[in-house]
Amino acid sequence: QNNIGIGPTNSISVSGSGQASGTPDVAYINLGVDTVDPDVGQAVENANTEMAAIIAALTDAGVDPKDIQTTNFNLYPEDRYDQNGQPTGERTYRVQNSLTVTVRDINNVGAVIEAGLGAGVDSINGLYFGIDDTAALEQEARVNAIADARQVAQHVRAAVNHHRQHEGGKTP
């Protein structure tokens, strides 16, 4: 009988799982500005000016420019309404601009946030901690998964041997 592509009929497969954890060594901060102006061009210019000042303050606080990335830019009109809900005919433009800052010295997170706030940040949309290089932890998790699979295989082998001893050598 030809079983090409099909595993042996008397086989058992096992799998394992593994985990690894580490101490955060990097922080990600999302900072933003929100500007409003009746002139769309001025609204964008104001947001750009504020963001340039913020980026300068962040680099002065020790953040590498390559660790500062724009992650969001929104521009939209806002029509004004009176107290009765009727349009006034006035329109302003709102610009929301945010960036994500990677802080590689987590002891500097507070100083970086303060620098941003001092330069015009008006929203902090998130602060997250992580591990910059996870390769060693991923390898540790793989090693743990293999050890777990081996342990499961040993339990299965012991159960099969026990079954064979009590069933007169028959394969389960």
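A short tour of the structure in this document, coming up. Worth saying up front: this structure is predicted, and the values here are computed from it rather than measured.

Examining the nonpolar core
Move 1: Ile 29, Leu 31, Leu 58, Leu 99, Val 101, Val 103 and Val 112 are the most contacted members of the largest nonpolar core, which has 19 residues in total.
Move 2: Taken together, the elements giving at least two residues each to this core come down to β1 (26–37), α1 (40–60), β3 (87–103) and α2 (109–119).
Move 3: Once residues lying within four places of it in the same chain are set aside, the contact partners of Leu 31 are Leu 58, Asn 97, Ser 98, Leu 99, Val 101, Val 121, Ser 123, Ile 124 and Asn 125.

Regarding the sheet that holds strand β2 (residues 68–81)
Move 1: A sheet is described by the order of its strands in space; here four strands give the open sequence β2-β3-β1-β4, paired in antiparallel fashion. Two strands lie at the open edges of the sheet, namely β2 and β4 (123–130), each paired on one side alone. Taking the axes of each pair of neighbouring strands and ignoring which way they run, one obtains an average angle of 15° across the sheet.
Move 2: Sheet topology note: the β1/β3 ladder contains eleven bridges and is antiparallel. Each residue of the ladder has a partner; that of Thr 35, found in β3, is Val 95.

Overview of a nonpolar patch on the surface
Move 1: Taken together, the side chains of Val 40, Phe 73 and Leu 75 define a hydrophobic patch exposed on the protein surface, amounting to about 240 Å² of accessible area.
Move 2: Relative to the assigned elements, Leu 75 resides in strand β2.

Concerning the environment of Met 51
Move 1: Locating Met 51 in the fold gives a position in helix α1.
Move 2: Each C-alpha atom of the pair Met 51 and Ala 159 lies 66 Å from the other, and the pair is 108 residues apart in sequence.
Move 3: Other than its neighbours up to four places away in sequence, Met 51 contacts Val 33, Asn 97, Ser 98 and Leu 99.

Regarding the packing of α1 against α2
Move 1: Where α1 contacts α2, the axes come no closer than 8 Å and their chain directions differ by 150°. Relative to α2, the element α1 is oriented roughly antiparallel. Crossing of α1 against α2: the hand is right-handed. For the pair formed by α1 and α2, the contact residues are Glu 50, Ala 53, Ile 54, Ala 57 and Leu 58 on the first element and Val 112, Ala 115, Gly 116 and Ala 119 on the second.
Move 2: Across the contact of α1 with α2, the residue classes tally to seven nonpolar, one polar and one charged.

Conventions adopted
Residues numbered from 1 in each chain as written. Predicted model: local features only at pLDDT ≥ 70, side-chain atom pairs only at ≥ 80, totals over all residues. Heavy atoms only, no water. Core = buried A, V, L, I, M, F, W, Y, C linked by side-chain atoms within 4.5 Å. Buried < 20%, exposed > 50% of the residue type's maximum accessible area, 1.4 Å probe, protein only. Helix = DSSP H or I, 4+ residues; strand = E, 2+ residues; numbered from the N terminus. Contact = heavy atoms within 4.5 Å. Pairing = 2+ DSSP bridges. Axes fitted to C-alpha atoms, helices over the stretch in contact; angles between N-to-C directions. Patch = residues over 30% accessible without salt bridge, like charges linked within 9 Å, V, L, I, M, F, W, Y side chains within 5 Å. Areas by Shrake-Rupley, 256 points an atom, 1.4 Å probe, with all protein chains shown as cover. Salt bridge = Lys/Arg side-chain N within 4 Å of Asp/Glu carboxyl O. Parallel < 35°, antiparallel > 145°, perpendicular 65-115°, else oblique. Left-handed = near helix turned anticlockwise from the far one by under 90°. Nonpolar A, V, L, I, M, F, W, Y, C, P; charged D, E, K, R; others polar.

None of this, on its own, says anything about what the molecule does.
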